[in-house]
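Chain and residue survey
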Amino acid sequence: MADPVPSGSDVSAGTYRCTNCGYELGVTSTKNLPPCPSCGNGHWDTRTGGDSVHDPYPDRK
């Protein structure tokens, strides 16, 4: 998945950071990313999880 990830995107469990204010959102299951609850921004960088470029198990779902 490309970074930044727009809100509304289906994502895997992991941690996502707002590209505007740095708020970190933990996602525990596959779901849509909301707009940032802190600033309302609609784009997220993937920090950890299945969509992360640093995922040590990219083929595991």
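Report follows, based on the coordinates.

Rules behind the numbers
- Residues numbered from 1 in each chain as written.
- Predicted model: local features only at pLDDT ≥ 70, side-chain atom pairs only at ≥ 80, totals over all residues.
- Heavy atoms only, no water.
- Salt bridge = Lys/Arg side-chain N within 4 Å of Asp/Glu carboxyl O.
- Core = buried A, V, L, I, M, F, W, Y, C linked by side-chain atoms within 4.5 Å.
- Buried < 20%, exposed > 50% of the residue type's maximum accessible area, 1.4 Å probe, protein only.
- Helix = DSSP H or I, 4+ residues; strand = E, 2+ residues; numbered from the N terminus.
- Contact = heavy atoms within 4.5 Å.
- Pairing = 2+ DSSP bridges.
- Disulfide = S-S within 2.5 Å.

**A short note on the pattern of salt bridges**
- The full count for this structure, using the stated rule, is one salt bridge.
- The partner of Glu24 in a salt bridge is Arg17, with the nearest N and O atoms 2.4 Å apart.

**Here's the deal with the nonpolar core**
- By size, the foremost hydrophobic cluster in this structure holds nine residues: Val5, Val11, Tyr16, Cys18, Leu25, Val27, Leu33, Cys36 and Trp44.
- Secondary structure elements with two or more residues in this core: β3 (14-18) and β4 (24-27).
- Beyond its immediate sequence surroundings of up to four residues, Leu33 is in contact with Val5, Ser7, Gly8, Ser9, Val11, Tyr16, Leu25, Val27 and Trp44.

**Here we look at the pairing of β4**
- Of the two faces of β4, only the one carrying Leu25 and Val27 is buried; Glu24 and Gly26 on the other face are not.
- Where β3 lies against β4, four bridges are found, and the strand directions are antiparallel. For Arg17, the partnering residue across the bridge sits in β4 and is Glu24.
- Linking β3 to β4, which pair antiparallel, is a turn of five residues; within it Gly22 sits at a positive phi near 85 degrees.

**A look at the state of the cysteines**
- One pass over the structure, following the stated rule, counts zero disulfides.
- In this model Cys18 remains outside any disulfide bridge; the closest cysteine sulfur is found in Cys39, 3.7 Å from its own.
- Cysteine Cys36 remains unbridged, with the sulfur of Cys21 as its closest cysteine sulfur at 3.7 Å.

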